[in-house]
Amino acid sequence: MSEQVQATAVVDAPVGNQAGDTPTAPRPQPQTIADPRQIAAVVMARMNLINTKKDELTIAIKGLTDLTQQLVQAYAAQMQVIEQFTTRLKAVEEAAGAKSVNGQA
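Residues numbered from 1 in each chain as written. Predicted model: local features only at pLDDT ≥ 70, side-chain atom pairs only at ≥ 80, totals over all residues. Heavy atoms only, no water.

A. A look at the overall build of the protein. A tally of helices and strands in the protein yields one helix and two strands. Starting at the N terminus and ending at the C terminus, the protein contains elements arranged as β-β-α. Taking all 105 residues of the protein together, the buried fraction comes to 4%. (Helix = DSSP H or I, 4+ residues; strand = E, 2+ residues; numbered from the N terminus. Buried < 20%, exposed > 50% of the residue type's maximum accessible area, 1.4 Å probe, protein only.)

Right, here's the structure in full:
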């Protein structure tokens, strides 16, 4: 009394050139796969696709992180320059103010 359970999977089978399809093109009919080896192959292919996308996103995030760190360092350097200019400007204004007060007295 051994019953064999048959696994099935529905897979979208690519039909034609999908890049050139118009938005109103009919969607391809999914295929039913009953062979466990084919199901495993489809699952592995999708896992590889997902891992590839994950790797691409990881690289993109790493690039954005590096760029953000460079921008923060540049911003900090510019803030230091602005603070130095502000200090020098105050010193020049104080010196000019002291000269004008001494000149009028």
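Read on for the rest.
B. View of the pattern of salt bridges. Taken as a whole and assessed by the stated rule, the structure comprises three salt bridges. The partner of Glu56 in a salt bridge is Lys53, and the shortest N-O contact between them spans 3.9 Å. Linking Glu56 with Lys53, this pair stays in helix H1 (residues 36-104), spanning three residues, or about one helical turn. Overall, Glu56 belongs to the partly exposed group, its relative accessible area being 43%. (Salt bridge = Lys/Arg side-chain N within 4 Å of Asp/Glu carboxyl O.)

C. Highlighting a nonpolar patch on the surface. A contiguous nonpolar surface patch, about 260 Å² in accessible area, is contributed by Val43, Met44 and Met47. Structurally, Met47 can be placed in helix H1. (Patch = residues over 30% accessible without salt bridge, like charges linked within 9 Å, V, L, I, M, F, W, Y side chains within 5 Å. Areas by Shrake-Rupley, 256 points an atom, 1.4 Å probe, with all protein chains shown as cover.)

D. Highlighting the environment of Thr52. Here Thr52 shows up in helix H1. According to the relative accessible area criterion, Thr52 is partly exposed, its value standing at 41%. A polar contact is formed between the side chain of Thr52 and the backbone oxygen of Asn48, at a distance of 2.8 Å. (Polar contact = N/O pair within 3.5 Å; in protein donor to acceptor, adjacent residues only side chain to side chain.)

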